[in-house]
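Letter by letter, the chains look like this.
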Amino acid sequence: MNDENWMRQALEQAYLAAENGEVPVGAVVIKDGSVIGRGFNQPIGRHDPTAHAEIQAMRQAAAHLGNYRLVDCELYVTLEPCAMCAGAIQHARIARLVYGASDPKTGACGSVVNLMAETKLNHHTGIVSGVLAEECGKLLSDFFRARRQKAQ
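First, a word on scope: everything that follows refers to the structure included in this document. From a predicted model like this one, the values you see are computed outputs, not experimental measurements.

1. Examining the pattern of salt bridges
Within the structure shown, the criterion is met by six salt bridges. A salt bridge links Lys138 to Asp142, with the nearest nitrogen and oxygen atoms 2.7 Å apart. You can see Lys138 and its partner Asp142 sitting in helix H5 (residues 133-151), four residues apart, about one turn around the helix. As a salt-bridge pair, Asp142 and Arg145 come within 2.8 Å of each other at their nearest N and O atoms.

2. Some words on unusual backbone geometry
Phi angles above zero are rare outside glycine, and Asp32 is one such case at about 55°. When you line up the elements, Asp32 lands in the loop between strand S1 (26-31) and strand S2 (34-40). Residue Asp32 is classed as exposed on the basis of its relative accessible area, which comes to 70%. A positive phi angle is found at His47, which is not glycine, with a value near 55°. You can see His47 is positioned in the loop between helix H2 (43-46) and helix H3 (53-65). Taking relative accessible area as the criterion, His47 reaches 73% and is therefore assigned exposed.

3. Here's the deal with the side chain of Glu54
Relative to the helices and strands, Glu54 is located in helix H3. Buried and unpaired, Glu54 has no salt bridge, with Arg59 as the nearest side chain of opposite charge at 11 Å. Every residue in contact with Glu54, bar those within four places of it in the chain, is listed here: Ala27, Leu75, Val77, Leu79, Pro81, Cys82 and Cys85.

Rules and cut-offs
Residues numbered from 1 in each chain as written. Predicted model: local features only at pLDDT ≥ 70, side-chain atom pairs only at ≥ 80, totals over all residues. Heavy atoms only, no water. Salt bridge = Lys/Arg side-chain N within 4 Å of Asp/Glu carboxyl O. Helix = DSSP H or I, 4+ residues; strand = E, 2+ residues; numbered from the N terminus. Buried < 20%, exposed > 50% of the residue type's maximum accessible area, 1.4 Å probe, protein only. Lys, Arg positive; Asp, Glu negative; His and termini not counted. Contact = heavy atoms within 4.5 Å.

Dropping the structure here:
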């Protein structure tokens, strides 16, 4: 599969988040051409500020592998990771991060800061950005537009 196909699987997870009233972000972890972890945003439903899509997917992948190190894995996520998730990605030793939409408010992989490029850190995850960015961004924009309209 190519990056767009894997990102479509992450988008499926994002739609699950939206269906549950969560900010629609989804993620999948890939190893050796197979999905080993899936996740979508669930901080509201789980009452857990760490229950971001990336964390959920990495937890499932780590359980699958029986190891907290996700060496030689790729993470596909629909929105640029925040600082918390970027740190977790580095600690897990994810080899490659592919994300869709940039996050100009909290993005920690190039938009606000770039933790992946910090030379003082001992692991550097490769980054590919903008994969299906328009579709990923539209899902988020539509979600927040609907939320604002509902509030009025």
